[in-house]
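For reference, the chains in residue letters:
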Amino acid sequence: MTQTNIARVGIVAKRGLLAAGDHLERLGDWLQRRHIEPVFDTDTASLAGRTSEASYTRDDLPSHVDLVIVLGGDGTLLSMATRTAHSGRDVPILGVNFGSLGFLTETRIDELYDVLESAVNGTAEIDERAMLAADAYRAREHFDARIVLNDVVFTKAALSRIIELSVSVGSGLVTKVKADGLIIATATGSTAYNLAAGGPIVHPRADAIVMTPIAPHTLTNRPIIVPGSEIIEIRPQVQGTLDEIFVTYDGQSGYPLQQGDIVRVRRSERTLKLVKAPRSYFELLREKLKWGERGGRE
């Protein structure tokens, strides 16, 4: 899958990433030499010293460009993935890693211009990733809607005891989870919080949703993978203020839930298009997660 006809490129850097300043200036010049307009979000324009040029907020940027370049870490990319999905446009994202891990921002800074060249000339490989849509209801009224790339997570407050969640898939009750929390992740999100909580690695092309309890009270309550076509319904069992339950979206934002609330999670109609770096998914696993490496010496 390729992307062509790129006339405007949005550029977003992690807030306060001073190390990106010189790279932003060179990136803007590189695009202009190819008669492509660089468009910075407002915060990034300050880092690049381009405050005199037109810019947009991060919420508005995806509606005005044909490609978004993210310089930073996975958190910055996740926030732009959500904004891009809500814009209703299929704008690819090229993630450039400035962090220590950067599993989603897989392009290294020394690879940026080769990957970008392939993106603007239409030869880049575009990886299409499934996203999750979450709808929350209170007193039967719909009060919140989100789209996420990685996960929807239910957790306890700092002083809470073990929380209880009623989990249904389709029209049937699956289980009542008693744990520190529950992660509902996409295949892409399987290498994030899900992996740290003991969940499985799922290839991003797999049509699947992963449910992983966090520190479950019962050892038989294990992670489960369900088809991507299923709708997962979560009902928190809140007994009092000490049992406060929070829902968070891609680790970016969230809120407390009340007794009787319902959160329904399903595969979103929107997908995210990622410009691929010149390496396979399994190479990324080995490079970023040291996947498959032996511990110790023979």
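Residues numbered from 1 in each chain as written. Predicted model: local features only at pLDDT ≥ 70, side-chain atom pairs only at ≥ 80, totals over all residues. Heavy atoms only, no water.

In total, this model carries 22 salt bridges according to the counting rule given. Two residues, R58 and D41, come together in a salt bridge whose shortest N-O distance is 3.0 Å. Of the two residues, R58 is situated in the loop between β3 (55-56) and β4 (67-72) and D41 in strand β2 (residues 37-41); the sequence distance between them amounts to 17 residues. The same class applies to R58 and to D41, which are both buried. Between D110 and R108 there is a salt bridge, and its shortest N-O distance comes to 3.5 Å. Under the relative-accessibility criterion, D110 is labelled exposed at 59%. Through salt bridges with shared partners, a single network forms among R108, D110, E111, R279 and E287. (Salt bridge = Lys/Arg side-chain N within 4 Å of Asp/Glu carboxyl O. Helix = DSSP H or I, 4+ residues; strand = E, 2+ residues; numbered from the N terminus. Buried < 20%, exposed > 50% of the residue type's maximum accessible area, 1.4 Å probe, protein only.)

The 6 strands lie next to each other as β13-β12-β11-β8-β15-β16, forming an open sheet whose pairing is antiparallel. Among the strands making up the open sheet, the edge pair consists of β13 (224-227) and β16 (253-257). Neighbour-to-neighbour, the strand axes of this sheet turn through a mean angle of 20°, independent of strand direction. In this sheet, strand β12 (residues 208-214) lies alongside strand β11 (residues 181-186) in antiparallel orientation, the contact comprising 6 bridges. Each residue of the ladder has a partner; that of I183, found in β12, is T212. (Pairing = 2+ DSSP bridges. Axes fitted to C-alpha atoms, helices over the stretch in contact; angles between N-to-C directions.)

Moving on to the packing of aromatic side chains. Taken as a whole and assessed by the stated rule, the structure comprises 5 aromatic pairs. An angle of 75° between the planes, with centres 5.8 Å apart, marks the rings of Y281 and F282 as edge-to-face. Overall, the relative accessible area of 38% leaves F282 in the partly exposed class. The rings of F103, Y281 and F282 are connected pair by pair, giving a single aromatic cluster. When the ring centre of F143 is taken as origin, the NZ or CZ atom of R138, which lies over that ring, is 4.5 Å away. In this structure, R264 is placed above the aromatic ring of Y137, and the distance from its NZ or CZ to the ring centre is 4.9 Å. (Phe/Tyr/Trp six-rings, centres within 6.5 Å; stacked < 30°, edge-to-face > 60°. Lys NZ or Arg CZ within 6 Å of the ring centre and 35° of its normal.)

What follows covers the pairing of strand β15 (residues 245-249). By the alternation rule, side chains of β15 split into I245, V247 and Y249, which are all buried, and F246 and T248, of which none is buried. Sheet topology places strand β8 (residues 151-156) next to β15; 5 bridges connect them, and they run antiparallel. Following the sheet pairing, V153 is matched in β15 by T248. Pairing between β15 and β16: 5 bridges, direction antiparallel. Bridging from a neighbouring strand, F246 pairs with P256 of β16. Once β15 ends, the chain turns through 3 residues before running back antiparallel as β16, passing D250 with a positive phi of about 55°.

Time to look at the environment of D151. Here D151 is to be found in strand β8. In sequence terms D151 and I184 are 33 residues apart; their C-alpha atoms lie 5.5 Å from each other.

Another aspect to go through is the side chain of D127. Structurally, the position occupied by D127 is in strand β6 (residues 126-138). Its relative accessible area of 14% is what places D127 among the buried residues. Within the local environment of D127, its side chain forms a polar contact with the side chain of R129, the two groups lying 3.0 Å apart. In contact with D127, other than residues within four places in its own chain, are L272, K273, L274 and K276. (Polar contact = N/O pair within 3.5 Å; in protein donor to acceptor, adjacent residues only side chain to side chain. Contact = heavy atoms within 4.5 Å.)

Once that is clear, we can look at helix α1 (residues 21-33). Compared with the 18 Å implied by 1.5 Å per residue over 13 residues, the 19 Å span of α1 between its first and last C-alpha is a close match. Buried positions along α1 lie against β1 (8-13), β2, α2 (42-48), β4 and α4 (112-120). One or two steps after α1, the chain reaches H35, where phi turns positive at roughly 60°. (Expected span 1.5 Å × (residues − 1).)

Located in the positive-phi region is A215, a residue other than glycine, with phi close to 45°. Since its relative accessible area comes to 46%, A215 is described here as partly exposed. Positioned with a positive phi, D250 is a non-glycine residue whose angle comes to about 55°. Following the sequence through the fold, D250 ends up in the loop between β15 and β16. For D250, a relative accessible area of 6% translates into the label buried.

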